[in-house]
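Each chain, letter by letter, is given below.
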Amino acid sequence: MTTRWSRAQSEAARQGLDALLITPGADLRYLTGYDAKPLERLTCLVVPSEGDPFLVVPALERAAAEASGVEIALETFGETEDPFQLVASLLPSATSVGLDNHMWAERVFAWHDVLPETAFTTAGTVIRELRLRKDAAELEALREAGETIDRVHARVHEWLRPGRTEREVGADIARAIVEEGHETVDFVIVGSGPNSASPHHELSDRVIEEGDPVVVDLGGTTHAGYCSDSTRTYLAGGTPDPQYAEAYTVLLAAQTAQRAHARPGVTAESVDAVGRQILADAGYGDLFIHRTGHGIGMETHEEPYIVEGNELVLEEGMAFSIEPGFYVSGVHGARIEDIAVCTADGLAVLNDRPRELVVL
Ligand code: ZN
Ligand code: ZN
């Protein structure tokens, strides 16, 4: 069986790297299954371009690493040993090494100290080639994540109503994200009234008023480590402002067109352009102030980014959000967000809640 680390190994060799050093984070979990804690003591996967990989762990973390089911040889070190020297002694001839993109700066400097002749670069160019195209198990995990967050959106009416604060509603939603099956709550955005115009507003003590548009953007992580991310815009009773309703209709048309367009063979930037053009033609171009989307997998935001300038051609197995929005600062805003994945000949959308403005 070709393991993920062996594919990383081949890709590293192809890119001229002698080894990859991967510290705790999504890359480590992706390659080994070990969801290691980011501690001050070093945990580091060493993937040489030739030979077997090994995982350096503090002696006191050995049991935790073994319990995770990791099938890679462990090299442990004691409290007074220097793990950086240990790794350096095992990579005596490495001239070019890739470090995971999110490695702490203090570790980057430590590698420079123990391997002064070695050139370092980021390992992201190697790992992206793997993580960019999801395999069947990953797609199943993303599907489960999508269904879980859909069940939460289906219950938003239980909590979202005039007279409650965003924070109260958000606390109920956060509980439901776990109740419905996610292991962790990654974010809960409840942007009501003028707060709906701030794309990454989280929660405040603002009391929701009747007729407020409310942007609810939710995400969590499953036990398998895969993320959900879905936005729906609700109306807290009453009737929408006519101008708002008109803009929302255009937004829905834009998001629908983007879902119809995205498939293998089209560029990431073309998915953005299709929706942006529809909003621009209706006079709302300036109000769509962010890219259309981001890849998703073991991280909520990863490649591919659905943004102007990204000429990447979409392929089967690529998963990403489609989330156009419009934002009138200090007044109101809206966003519709689904996670979608390219299939062999089209697009599977992993979120299925109604996309119209949901009047509660
Ligand atoms: Zn989102
Ligand atoms: Zn998103």
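Residues numbered from 1 in each chain as written. Chains lettered and ligands numbered in written order. Predicted model: local features only at pLDDT ≥ 70, side-chain atom pairs only at ≥ 80, totals over all residues. Heavy atoms only, no water.

Undergrad: Where do I start with the pairing of strand 3 (residues 54-58) in this structure?
TA: Two faces, one strand: in a regular strand the side chains alternate between the faces of the sheet. For strand 3, the tally of buried residues reaches five of five residues, placing the bulk of the element in the interior. Side-chain alternation along strand 3 places Phe54, Val56 and Pro58 on one buried face and Leu55 and Val57 on a second face that is also buried. Between strand 2 (residues 44-48) and strand 3, which pair antiparallel and follow one another directly, the connecting turn spans five residues, one of which, glycine 51, has a positive phi of 95°. Pairing of strand 3 with strand 4 (residues 73-77), which is carried by five bridges, proceeds in the parallel orientation. Its bridge partner being in strand 4, proline 58 is matched across the sheet by phenylalanine 77. Handedness of the crossover joining strand 3 and strand 4 through helix 3 (residues 62-67) is recorded here as right-handed. (Buried < 20%, exposed > 50% of the residue type's maximum accessible area, 1.4 Å probe, protein only. Helix = DSSP H or I, 4+ residues; strand = E, 2+ residues; numbered from the N terminus. Pairing = 2+ DSSP bridges. Right-handed = clockwise from strand over helix to strand, strands pointing away.)

Undergrad: Is there a simple way to think about unusual backbone geometry in this case?
TA: Among all residues except glycine, the phi angle is most often negative; among peptide bonds, the trans geometry is most common. Geometrically, the link from glutamate 303 to proline 304 is a cis peptide bond, its omega value of 5° lying close to zero. Within the element layout of this structure, proline 304 appears in strand 11 (residues 302-306).

Undergrad: Looking at this structure, I do not really get the coordination of the zinc ion (ligand 2). What am I missing?
TA: Every protein donor of the zinc ion (ligand 2) is listed here as Asp229 (OD), His294 (NE2), Glu323 (OE) and Glu337 (OE), and their distances to the metal cover 2.0 to 2.2 Å. For the zinc ion (ligand 2), the four donor atoms in the first shell make angles of 81 to 162° at the metal, so the coordination geometry reads as irregular. Ordering the donors of the zinc ion (ligand 2) by residue number gives the pattern D-x64-H-x28-E-x13-E. The two metals, the zinc ion (ligand 2) and the zinc ion (ligand 1), are separated by 3.1 Å and share aspartate 229 as a common coordinating residue. Of this pair, aspartate 229 sits in the loop between strand 8 (213-221) and strand 9 (230-235) while histidine 294 sits in strand 10 (residues 293-295), and the two are 65 residues apart along the sequence. (Donors = N, O, S within 2.8 Å, 3.2 Å for Na, K, Ca; no water. Tetrahedral: all angles 85-135°; square planar, octahedral: opposite > 155°, others 65-115°.)

Undergrad: Whenever I open this one, the domain arrangement of the protein chain confuses me. Can you help?
TA: Interfaces are frequently sized by the accessible area removed from exposure as the parts join. Here the domain parsing of the protein chain yields domain 1 (2-131) and domain 2 (136-359). With seven residues of domain 1 at the contact, the number on the domain 2 side is ten residues. Both sides together, the interface formed by domain 1 and domain 2 hides about 760 Å², and carbon and sulfur atoms give 37% of it. Of all residues in domain 1, the largest losses of buried area upon contact with domain 2 belong to Arg29, Arg128 and Arg131, amounting jointly to 61% of the total for that side. Inspection of the region where domain 1 meets domain 2 yields four salt bridges. A salt bridge links arginine 131 to glutamate 299; its shortest N-O distance comes to 2.8 Å. At the junction of domain 1 and domain 2, the tally comes to five residue pairs in polar contact (both at pLDDT 80 or more). Those elements that place two or more of their residues in the side of domain 1 that touches domain 2 are helix 2 (26-32) and helix 6 (124-131). Per-element tally for the side of domain 1 that touches domain 2: the top contributor is helix 2, with three residues. Split into classes, the residues belonging to the side of domain 1 that touches domain 2 amount to two nonpolar, one polar and four charged. (Domains from an automatic or database assignment. Contact = heavy atoms within 4.5 Å. Buried area = accessible area lost by both parts, 1.4 Å probe. Salt bridge = Lys/Arg side-chain N within 4 Å of Asp/Glu carboxyl O. Polar contact = N/O pair within 3.5 Å; in protein donor to acceptor, adjacent residues only side chain to side chain. Nonpolar A, V, L, I, M, F, W, Y, C, P; charged D, E, K, R; others polar.)

Undergrad: So what exactly am I meant to see when it comes to the coordination of the zinc ion (ligand 1) here?
TA: Put simply, the ideal angle at a metal is 109.5 degrees for four donors in tetrahedral geometry and 90 or 180 degrees for six donors in octahedral geometry. The protein atoms that coordinate the zinc ion (ligand 1) are Asp217 (OD), Asp217 (OD), Asp229 (OD) and Glu337 (OE), at distances of 2.0 to 2.4 Å. For the zinc ion (ligand 1), the donor residues sit on a single chain with the sequence spacing D-x11-D-x107-E.

Undergrad: Please clarify how the sheet that holds strand 8 should be interpreted in this entry.
TA: By way of backbone hydrogen bonds, the strands of a sheet pair with one another, either parallel or antiparallel. The four strands are arranged 7-8-9-17 in an open sheet whose pairing can be described as mixed. Of all the strands in the sheet, the pair left with one neighbour each is strand 7 (184-192) and strand 17 (358-359). Where strand 9 and strand 17 come together, two bridges link them in parallel fashion. Bridge pairing in strand 17 places leucine 235 opposite valine 359. Contacting strand 7 and strand 8, helix 8 (residues 166-179) runs over the sheet at an angle of about 150° to strand 7. (Axes fitted to C-alpha atoms, helices over the stretch in contact; angles between N-to-C directions.)

Undergrad: Please explain the pattern of salt bridges as it appears in this structure.
TA: When the charged atoms of two side chains lie near each other, side chains of opposite charge can form a pair. This model, assessed by the stated rule, comprises 30 salt bridges. Arginine 14 is the partner of glutamate 11 in a salt bridge, and the nearest nitrogen-oxygen pair spans 2.8 Å. Of this pair, glutamate 11 and arginine 14 both sit in helix 1 (residues 4-14), three residues apart, which is roughly one turn of that helix. The class for glutamate 11 is buried, based on a relative accessible area of 11%.

Undergrad: Sorry, what's going on with the state of the cysteines here?
TA: Among covalent bonds in proteins, the disulfide is the one between the sulfur atoms of two cysteines. Summed over the entire model, instances satisfying the criterion amount to zero disulfides. With no disulfide of its own, cysteine 227 lies 19 Å from the sulfur of cysteine 342, the closest cysteine sulfur. On the basis of relative accessibility, which here comes to 4%, the residue cysteine 227 falls in the buried class. (Disulfide = S-S within 2.5 Å.)

Undergrad: Even after reading the chapter, I still don't get the packing of helix 4 (residues 83-90) against helix 5 (residues 105-114), so can you show me in this structure?
TA: Geometrically, a packed helix pair is captured by the angle between its two axes and the distance between the axes. Relative to each other, helix 4 and helix 5 sit at 50°, their axes nearing to 9 Å. Judged on the interaxial angle alone, helix 5 and helix 4 are oblique. Along this stretch, helix 4 crosses helix 5, giving a crossing that reads as right-handed. Only Arg107, Ala110, Trp111 and Val114 of helix 5 make contact with helix 4, whose side of the interface consists of Phe84, Gln85, Val87 and Ala88. Tallied by class, residues from the contact of helix 4 with helix 5 come to six nonpolar, one polar and one charged. (Parallel < 35°, antiparallel > 145°, perpendicular 65-115°, else oblique. Left-handed = near helix turned anticlockwise from the far one by under 90°.)

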